[in-house]
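Here's the letter readout for the chains.
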Amino acid sequence: MNFFTLKWGSKYGPEYVNRLYGGLKKHYHKPFTLTCYTNNHKGLREEVEVKDIKDLRKFGPTDRVFTYEKLILMEKHESGVWLDLDILIHNDITNMADDPSDYKMIWNYWNPYWMKSLRWFGKGASCHVNSSFVKFDNPEWLIKFTNDNWEKIEWTYKSLDKYLFYQHARNDRLQYWDEGLIENYNVSGKTLPGKVTIFNTSHKYNNKGIEDVLYELHEADSRVIKMWKSYD
Amino acid sequence: MISLEQVCMKYDRIIILASNDVREFLRTLNNIGIDAIAIDYDPKFENTMSYVNKDFVFDDVDLTADLIIHKNVEKTYPVELPEGTDVILIGDNDQHNGDCTPIKSCEQLISLYDVGEIYDQGCDEEETHWYVYGKIRCR
């Protein structure tokens, strides 16, 4: 299995990549590779394959469609799993990674759909999906739609997840991980149920009016940090 | 601001884009013989009379009308509207989450949608909401 991740800028250090690899090593029980698309490979462990993130910026630099590079990844690699850096794998993900779906992502079960998403749908301010852990296997329909509509997509959406929610979740084109497999640390009461925990915070900085206190993985409680560091 | 009710009386077929809840307005227009529909992708309008529950930017929709009223322009990509069609474009610069086309002037609306002939234009007293009433240029 081929896993992929992205790293650019200074928000996350090389330890995020290295421990992601360690988490895979412990919780994916088949041969695998981890490829990191980055603009700075300094400090990455030697098992991690490094590629230039510019290879994924087919449409050039943009401050829209945050992490659109993930979509281009699927043009370059027919199948695999893309992972955000700010996740903690803490249980066996072998079956998830080997899932036969052509595209399977996270549905934000932890948010009440009506309150958090449906209510704001018409205002364009909603999002009920998350692309921190995605299995893909040549989803030609998604690649084609993206290429055919890129100008509109880039104009309209601040983030990849919003694009996926408004255009593809709306039309029932996506598949989602079963409830309970992936949880959100900043919602689930700092426990670690399921197999993977995400620590996403980017929506706070991409939107106005979100006052929640959100913790990054390196700011989590000592039990989480201890597990994370054990993946060194 | 422009009186939509008065303007609409002059037309036979009207489409309202990004309308949100205009059920009463549509009912009034249809009751007096004007063929009026709204196109809005919000799921709350699924199975609502006189609504087409689609995204007019990305989905395949028919925009043939005598008058197109595009509300909430700030929330949508500026699609190419049918040439020669009368339009009322209404947008703001309130900078809400989800706004991708903040509107700061009538000139911006005219340019974005290629309005050739202007019948009316203006803004509210606070100069935050702008409108243009005119005809899409024939290309």
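As a reminder, the structure under discussion sits directly above these lines.
Small disclaimer: the values here were computed from a predicted structure and weren't measured.

Conventions we followed
Residues numbered from 1 in each chain as written. Chains lettered and ligands numbered in written order. Predicted model: local features only at pLDDT ≥ 70, side-chain atom pairs only at ≥ 80, totals over all residues. Heavy atoms only, no water. Helix = DSSP H or I, 4+ residues; strand = E, 2+ residues; numbered from the N terminus. Contact = heavy atoms within 4.5 Å. Axes fitted to C-alpha atoms, helices over the stretch in contact; angles between N-to-C directions. Parallel < 35°, antiparallel > 145°, perpendicular 65-115°, else oblique. Left-handed = near helix turned anticlockwise from the far one by under 90°. Nonpolar A, V, L, I, M, F, W, Y, C, P; charged D, E, K, R; others polar. Pairing = 2+ DSSP bridges.

**Describing the side chain of A:Arg45**
By the secondary structure assignment, A:Arg45 is in the loop between strand 2 (33–38) and strand 3 (49–52). Setting aside chain neighbours within four positions, we find A:Arg45 in contact with A:Asn18, A:Tyr21, A:Gly22, A:Tyr231 and A:Asp232.

**A few points about the packing of helix 2 (residues 69–76) of chain A against helix 5 (residues 140–148) of chain A**
Residues and elements named next belong to chain A. As a packed pair, helix 2 and helix 5 sit with axes 10 Å apart at the nearest point and diverge in direction by 125°. It follows that helix 2 is oblique to helix 5 by the angle criterion. The crossing of helix 2 and helix 5 is left-handed. Taking contact as the criterion, the partners of Leu-71, Met-74 and Glu-75 in helix 2 are, on helix 5, Leu-142, Ile-143, Thr-146 and Asn-147. In terms of residue class, the contact of helix 2 with helix 5 is built from four nonpolar, two polar and one charged.

**Comments concerning unusual backbone geometry**
Negative phi characterises most residues that are not glycine, and trans characterises most peptide bonds. For A:Asn138, which is not glycine, the phi dihedral falls at a positive 55°. Structurally, A:Asn138 can be placed in the loop between strand 7 (129–137) and helix 5. Of note, B:Asn72 is a non-glycine position whose phi angle comes to about 50°, a positive value. Within the element layout of this structure, B:Asn72 appears in the loop between strand 4 (67–70) and strand 5 (86–92).

**Description of the sheet that holds strand 9 (residues 182–184) of chain A**
The strands making up a sheet associate through backbone hydrogen bonding, with each pair oriented either parallel or antiparallel. Residue and element names in this part refer to chain A. Across the sheet, three strands lie side by side as 5-10-9; this open sheet has mixed pairing. Every other strand in the sheet has two partners, leaving strand 5 (87–89) and strand 9 as the edge strands with one partner each. Ignoring which end each strand starts from, the neighbouring axes of this sheet average 20° apart. In terms of strand pairing, strand 9 meets strand 10 (residues 196–198) through three bridges, oriented parallel. Paired with Asn-184 across the two strands is Ile-198, which belongs to strand 10.

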